[in-house]
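# Coordinate inspection notes
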Amino acid sequence: MDTPTGAPGLAPQPLVSAVVVSRQGGDVLVECLASLLGQTYPRLEVILVDNSDDGAHAGAMRARHGERLRIIANRRNEGFAGGCNRGIRAARGEWILLLNDDAVADPDLVAALMAVAGARPDVGMLACRVVSYEFPHLIDSAGLLLYPDGICRSRGWEEKDLGQYDQEADVLAPNGCAAGYRASMLRETGLFDEAYFMYLEDLDLGMRGRLAGWGCRYVPAARVRHRGSFTTGPHSRRKAFLVERNRIWNAVKFLPGFLLLVSPLFTLNRYLLQLYAAATRQGLAGKFARDYSYAQGATTIAAAYLAAAWHLPPMWRARRHIQRRSALSKRQLYELISRFKLDAIELALK
């Protein structure tokens, strides 16, 4: 699948390495891999990182696909961040495509991404048009938006697809569910921070890319259907813990100084709105409140703060490193955050 094609005199199409990390396996993984192996783009290698404890997925997929699939079997679950890093380090492509194992790519996905990449050497990241697997008329992600305390949500999440995201556009960063990264950018910025394990690591990497001067482009023709939170569930305590812990690390690592100082006020505002959402059974907070008590919610948040504080020194060192290497001025960083700011009401109630 990696034989170069193209008209004489034209530059060869870049090799793309698709990386899929899987812990659950099963029919979901089979469908995901089939969608990648059926891509129309000619220069594609597909890498499966088996995050299960017994390597069962690796054996089953090797028997099904043979040499069409490169397989890395981890001895333990290394999370999304660690699993992706294993796959990226083994990749040979000029571009890395990450695809969740609970996602299915349209046949022209990679071709659409590379058509944009070839025309934009300043772009280091590509965001796909992600829709709901069960309800494909609903948008799941068209890039990421940032709330000023380090948390994020997908642009267009749960909106009806009425054509409002049909245009190619600059976005803040891609959702890690289906994302393209230029390998040369990753060599400059580093890979995912494995301390995150899973959730919000895509925002961290995306912001490091933006601060290094790379752009991110949303490609509406690159379409993916996504089940969403297949591993941990959409509103589990485990997910709530990881999101809250990791958003604190995000704030420390890349928010400008003054915004970092006042970010607790944004967090307080978010908490108040989420309490209202929980009481009125709206948004994800409302779903969480249906399954867990307020005491369980409070202890989950407290545990996230303790875990974040325990790992704060290396995150602060990472902040200093990122700031020293930043290609953006403080004004440019504030403008970037303002341009792609997530509204608190949308975050809490949607």
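In what follows, the accompanying structure is described. (Residues numbered from 1 in each chain as written. Predicted model: local features only at pLDDT ≥ 70, side-chain atom pairs only at ≥ 80, totals over all residues. Heavy atoms only, no water.)

## A short note on the overall build of the protein chain
The number of helices and strands found in the protein chain is 13 helices and twelve strands. For 350 residues, the compact-globule estimate of 2.2 N^0.38 gives 20 Å, and the C-alpha radius of gyration of the protein chain, at 20 Å, lies within 12% of that figure. Dimensions of the protein chain, computed from the C-alpha atoms along their principal axes, are close to 60 × 45 × 45 Å. Buried residues in the protein chain amount to 55% of all 350 residues. Across the protein chain, the fraction of contacts at a sequence separation of at least 24, relative to all contacts at a separation of at least 6, is 78%. Of the accessible surface of the protein chain, which amounts to about 15,300 Å², a share of 56% is contributed by carbon and sulfur atoms. Of the charged side chains in the protein chain, 44 are positive and 35 negative; the average position of the first set lies 6 Å away from that of the second. (Helix = DSSP H or I, 4+ residues; strand = E, 2+ residues; numbered from the N terminus. Rg over C-alpha atoms; globule rule 2.2 N^0.38 Å. Buried < 20%, exposed > 50% of the residue type's maximum accessible area, 1.4 Å probe, protein only. Contact = heavy atoms within 4.5 Å. Areas by Shrake-Rupley, 256 points an atom, 1.4 Å probe, with all protein chains shown as cover. Lys, Arg positive; Asp, Glu negative; His and termini not counted. Charge placed at Lys NZ, Arg CZ, Asp CG, Glu CD.)

## Regarding the pairing of strand β12 (residues 215-226)
Extensive coverage of β12 is indicated by the burial of nine of its twelve residues. Inspection of the sheet shows strand β5 (residues 103-105) paired to β12 by three bridges, in the antiparallel sense. Among the inter-strand pairings, A105 is bridged to a residue of β12, identified as V224. When strand β6 (residues 123-132) meets β12, the two strands line up parallel, connected through nine bridges. Residue pairing across strands places R129 opposite R223, the latter belonging to β12. Note that strand β10 (residues 169-170) and β12 share two bridges and pair antiparallel. Residue pairing in the sheet places A169 in a bridge with Y218 of β12. (Pairing = 2+ DSSP bridges.)

## Section: the nonpolar core
Of all hydrophobic cores here, the largest spans 62 residues; its most connected members are L98, L172, Y181, F192 and L203. Here this core takes five residues from helix α7 (residues 237-254), the largest share from any one element. Those residues in contact with L172 that lie beyond four places of it in its chain are M125, L144, L145, L146, L203, M207, R210, C216, L336 and F340. Counting residues in each nonpolar core, the second largest holds 37 residues, with I71, A105, L113 and A117 among its members. (Core = buried A, V, L, I, M, F, W, Y, C linked by side-chain atoms within 4.5 Å.)

## Focus: the state of the cysteines
Within the structure shown, the criterion is met by zero disulfides. Just so you know, C32 is unpaired, no disulfide at all, and the nearest cysteine sulfur is the one on C177, 9.1 Å from it. On the accessibility criterion, C32 (0% relative accessible area) is buried. Here C152 is not disulfide-linked; the sulfur of C216 is the nearest cysteine sulfur, at 12 Å. Judged by its relative accessible area of 13%, C152 falls in the buried class. (Disulfide = S-S within 2.5 Å.)

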